[in-house]
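# Observations on the three-dimensional arrangement
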Amino acid sequence: MITIRRWTAATLVLLSLGAALITPMAARAAVTDADVAALAGDDFDAKAQAIDHLAADASPQAVALLKALADDSAVTVGDTNPRLAIQSGDKYVDPITGATVNADNAQSLTLNNVLRAKVATAAAAGALLSSDHDARAQAIDTMLQNPSPAFKTIIEQARVKESDPALKKRLDQLWAQSALHDPSPAKRREAIDLIASAGDPQMRDLLLPIVAKQPDGSYAEPDANVRSAADIALTQLAAAQRRSEFFGTIFAGLSLGSVLLLAALGLAITYGLIGVINMAHGEFLMVGAYATYVVQTLFHRFAPGAFDFYLVAAVPAAFFVAAALGFVLERTVIKHLYGRPLETLLTTFGISLLLIQAVRTLFGAQNVEVVNPTWMSGGIAVLPNLILPYNRIVILVFALVVVALTWAVLNLTRLGLFIRAVTQNRKMAACVGVKTGRVDSYAFAFGAGIAGLGGCALSQIGNVGPDLGQSYIIDSFMAVVLGGVGQLAGTIVGAFGLGVANKLLEPMWGAVLAKIAVLILIVLFIQKRPQGMFALKGRSAEA
């Protein structure tokens, strides 16, 4: 059902009153007793017609009556023949003459949601001629939600008067919706062309009745040229819808890939360097997400004025908390299991269960909510039917920044030199004085910290819970294996490739079958190329 805010309708009515007083209009009819009687009665259709008449009238009496309907100050008085009156302070006045009336048995006039929407649209019609830019924009938004041919005349006047190109374009669309049933075939054709030029697939439903046949085989639209234009417009809108769906799917795949990349990037470092199948890697994501939640809570409590900047503090917090946890786990448990893959797998799986239970004990089993900063709320409309959320765009950019920083660490720092040396040939690196055990610890902590950054990003697109990491661990391993173990470029291609492939297959087969299909394709690919898309180079690759 359609609902409106009362204050919005009342505001638009007041603005329409100002427009009515300063703007010359076409011939105005007076508010009649028939309109007043219809509004006081029980006939829905009569009430709807009376509201349309008041909107077309635009006289001060009509505007005042619309305002009364919007703010619930319209009442019915009398027993035998209820009559409409407007409450003004402690008295009740006649909506036509303004004279005080007897308020015996005054009862509030009730309107259902459909009629309230018509009142809002009628109020917006008057505000189309307001001198206030924001008021005109709000009026157009309101009328686009409930277009009506009854307001075509005032919309045409607003089109002629409007100077803002963006509002003029939206007014054209509003006029087109109201002119589809104009008696003139030329205007109906013009309306169809305007709808087609907008490229909004949601407008297809407006054109379908034009080309549809009636039960007797005839067309509802008698003009063949208008029907032909409608057919062409429907084809164009169908193509626009396919284009929007395709680009939306690609963006969704890149968005999923950016999350997988953040989860798999640290795994590629630890798995490629140490060869540890770390089943607790997903829990580093979870730890980073909860670190973000804690920072958010601290900002909310101690610095509410700077709440929009909590994410700036949460990013390093998520990294260092996850990195510290990874360092401790590597030093206390994992370093004793090198070269024993089965025991490592089982041990890290047990660690993941312990971490999940520890979080449940500290924060509870229920999910916690991490709120987006205001600058990450909303989205950008790139196509009429495609809006890209800001939080997804920020995460995509953030993932690329993390990749760049990871590359810089691995290629421009002493630690990165040691990590690459140990990855390519551990024995030779040890022979030249590299402390491989310490490098293992630092690399494991670095990979865990990157996973913590992934958890920070994940907290911005969904609720945070103890099982957060379990949803990404398998896909992360697939991205690493597909791209090539220990290869940064391979991890990037593998993560984004998996994300896009999943989203392309989901509309056809569903989420579960799409994952199965992707897994089968990866298995077949690994059979042909066991080293992945990017083969590891160095002596260890030849061992």
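Computed from a predicted structure; not experimentally measured.

Direction vectors running N to C along helix α6 (residues 133-145) and helix α8 (residues 165-179) enclose 30°, while the axes themselves pass 10 Å from each other. Here α6 lies roughly parallel to α8, going by the angle between them. α8 is crossed by α6, and the crossing has left-handed handedness. When α6 is examined against α8, the residues His-133, Arg-136, Ala-137, Ile-140, Asp-141, Met-143 and Leu-144 are found in contact with a partner set consisting of Leu-167, Arg-170, Leu-171, Leu-174 and Gln-177. Of the residues belonging to the contact of α6 with α8, the class tally is 7 nonpolar, 2 polar and 3 charged.

On to the sheet that holds strand β4 (residues 107-108), then. Strand order in the open sheet formed by 4 strands is β3-β2-β1-β4, with antiparallel pairing between adjacent strands. At either margin of the open sheet sits one strand with a lone partner, and together these are β3 (91-93) and β4. One ladder, built from 4 bridges, connects strand β1 (residues 74-77) with strand β2 (residues 83-88); its direction is antiparallel. Across the sheet, the residue bridging to Val-75 is Ala-85, located in β2. Relative to β2, helix α2 (residues 33-40) is tilted by about 85°, and along the sheet it contacts β1 and β2.

With that settled, the discussion passes to the side chain of Glu-283. Topologically, Glu-283 is positioned in helix α12 (residues 281-302). In this structure, Glu-283 is buried with no salt-bridge partner, the nearest side chain bearing the opposite charge being Arg-360 at 9.1 Å. In contact with Glu-283, not counting residues within four places along its chain, are Ser-352, Leu-355, Ile-356, Gly-469 and Gln-470.

Taking the UniProt record as the reference, the feature "transmembrane region" (unreviewed entry) is found at residues 250-277, 284-303, 309-329, 341-363, 393-419, 477-501 and 507-526. As a span, residues 284-303 carries 95% helix and 0% strand, and end to end its C-alpha atoms are 27 Å apart.

Glancing now at a nonpolar patch on the surface. Together, Met-508, Trp-509, Val-512, Leu-513, Ile-516, Ile-520, Leu-521 and Leu-524 make up an exposed nonpolar region whose accessible area comes to about 850 Å². Those elements giving two or more residues to the nonpolar patch turn out to be α20 (488-509) and α21 (511-528). No other element matches the 6 residues that α21 contributes to the nonpolar patch. Within the secondary structure layout, Val-512 lies in helix α21.

Thresholds, definitions, all that
- Note on numbering: residues in each chain are counted from 1, in written sequence order.
- Local features are withheld for residues below a pLDDT of 70 in this predicted model, meaning they are given only at 70 or higher, and side-chain atom pairs are given and counted only at 80 or more; totals for whole chains, interfaces and linings count all residues.
- With hydrogens and water set aside, each side-chain value is computed from the structure's full complement of heavy atoms.
- Axis angles are defined between N-to-C directions and span 0 to 180 degrees, where every axis is a line fitted to C-alpha atoms and, for a helix, only to the segment in contact.
- Each helix corresponds to a stretch of at least 4 residues labelled H or I by DSSP, and each strand to a stretch of at least 2 residues labelled E; elements are numbered beginning at the N terminus.
- In this scheme, roughly parallel covers angles under 35 degrees and roughly antiparallel covers those over 145, while 65 to 115 is roughly perpendicular and the rest are oblique.
- By definition, turning the near helix anticlockwise from the far helix through less than a right angle yields a left-handed crossing, and turning it clockwise yields a right-handed one.
- Residue contacts are counted whenever heavy atoms from the two residues lie within 4.5 Å of one another.
- By the convention adopted, Pro, Cys, Tyr, Trp, Phe, Met, Ile, Leu, Val and Ala count as nonpolar, Lys, Arg, Asp and Glu as charged, and the other residues, Gly among them, as polar.
- By the convention used here, strands pair only if DSSP detects at least 2 bridges between them.
- Between buried and exposed lies partly exposed: a residue is buried under 20% and exposed over 50% of the maximum accessible area for its type, with that area taken using a 1.4 Å probe on protein chains only.
- The convention is simple: Lys and Arg are positive, Asp and Glu are negative, and His and the chain ends are not counted.
- Salt bridge, as used here, is a side-chain nitrogen of Lys or Arg placed within 4 Å of a carboxyl oxygen of Asp or Glu.
- UniProt positions are given in the numbering used here, feature names are shortened, and annotations may be inferred rather than shown by experiment.
- Patches draw on residues past 30% relative accessible area with no salt bridge. Two like charges within 9 Å are joined, as are two nonpolar side chains (Val, Leu, Ile, Met, Phe, Trp, Tyr) within 5 Å.
- Working definition of accessibility: Shrake-Rupley area with a 1.4 Å probe, residue cover restricted to the visible protein chains.

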